[in-house]
Amino acid sequence: MKPNIGKRQYIRAAQRVLAAEGAGSLTIRRLGRELDCNPANLYRYFGSLDELRVYASLGCLRDYLRDLEKMFAAQPDPMARYFGVWECFARHAFAHADIFDQLFFHPGHQELEQIIRSYYALFPDEVEAMGELRHVFIQGDFDLRDYLFLEELARGGYIAAADAAVLNKISVNLFRGCFKQVLDRNYDQAGQEREKEQFLTLLRFVFAGRLLK
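Keep in mind the model is a prediction, meaning the values are calculated, not measured.

### What about the nonpolar core?
One finds Leu52, Leu68, Tyr82, Trp86, Phe89, Phe175 and Phe207 to be the most contacted residues of the largest nonpolar core, which totals 66 residues. Of the residues forming this core, the biggest block, 10 residues, is contributed by helix 5 (residues 78-95).

### Here's the deal with helix 11 (residues 189-208)
Here helix 11 contains 20 residues, and its C-alpha end-to-end distance of 28 Å stays within 8% of the 28 Å for a straight helix at 1.5 Å per residue. Residues of helix 11 that are buried: Gly191, Gln192, Glu195, Lys196, Phe199, Leu200, Leu203 and Phe207. One side of helix 11 carries all its buried residues, which in axial view fall inside an arc of 165 degrees. Facing away from the buried side of helix 11 by more than 90 degrees, the exposed set consists of Arg194, Phe205 and Ala208.

### Brief notes about the pattern of salt bridges
Under the definition given, this model contains 15 salt bridges. Two residues, Glu21 and Arg30, come together in a salt bridge whose shortest N-O distance is 2.7 Å. A salt bridge links Arg30 to Glu34; its shortest N-O distance comes to 3.2 Å. Remark: Glu34 and Arg30 occur in helix 2 (residues 28-35); sequence separation between them is 4 residues, near one turn of the helix. Linked through salt bridges whose partners overlap, the residues forming this network are Asp67, Glu87, Arg91, Glu193, Lys196 and Glu197.

### Things to note about unusual backbone geometry
Even without being a glycine, Asp36 presents a positive backbone phi close to 55 degrees. By secondary structure assignment, the location of Asp36 is in the loop between helix 2 and helix 3 (49-57). For Asp36, a relative accessible area of 39% gives the class partly exposed. Unlike most non-glycine residues, Asn186 shows phi in positive territory, near 50 degrees. You can see Asn186 is positioned in the loop between helix 10 (164-185) and helix 11.

### Details of the environment of Leu200
Along the chain, Leu200 turns up in helix 11. Distance from Leu200 to Gly84, taken between C-alpha atoms, is 9.7 Å for residues 116 residues apart in sequence. Excluding its chain neighbours within four sequence positions, the residues that come into contact with Leu200 are Phe83, Trp86 and Glu87.

So, how was this worked out
- Residues numbered from 1 in each chain as written.
- Predicted model: local features only at pLDDT ≥ 70, side-chain atom pairs only at ≥ 80, totals over all residues.
- Heavy atoms only, no water.
- Core = buried A, V, L, I, M, F, W, Y, C linked by side-chain atoms within 4.5 Å.
- Buried < 20%, exposed > 50% of the residue type's maximum accessible area, 1.4 Å probe, protein only.
- Helix = DSSP H or I, 4+ residues; strand = E, 2+ residues; numbered from the N terminus.
- Expected span 1.5 Å × (residues − 1).
- Arc of directions from axis to C-beta.
- Salt bridge = Lys/Arg side-chain N within 4 Å of Asp/Glu carboxyl O.
- Contact = heavy atoms within 4.5 Å.

So, to be careful, I would describe these as geometric facts and stop short of saying anything about function.
Below, the structure is given as structure tokens:
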């Protein structure tokens, strides 16, 4: 058996198992076979198998972050970017609802921000292309991510600064409602697309009455 298995290797092995066999197959014994090591070594780096599962799930954000990078490069208008961020997040979250639920909405993961920072310290290449926006995405507070973009819109004169907090609550709660539908009903791709478009329609309707320009 291999005696020196590092944290990166455990995370990558867990990601391989998740991708190939699903969440139910990610067990300590399965990782021991995957890495040819003593399964108990996992506890040198992770408090539990569930913690490792969160680390491994962050790999599912790679495509999401790449799409965000492309959207920001192609879209210079801050207002259009705001809706682009939500469109991108909804598309990926609805397609991988179980994983996004665990990462962003699970009540037992208050330590998510620390895990995210630790993960991207191990795999900095996965976010280096985000540039100055890196600080927005390397933190686990879902509500704060939206608020940071709303602050940018307020500074640019698109919305009143006093409206930012209210719009933050509305946009986040709208998303949570649509996301729960996808999560509970296990929509296929067509259903995910319909729910995403409905969410964006409602979001634009809310903002239409608050835009200053």
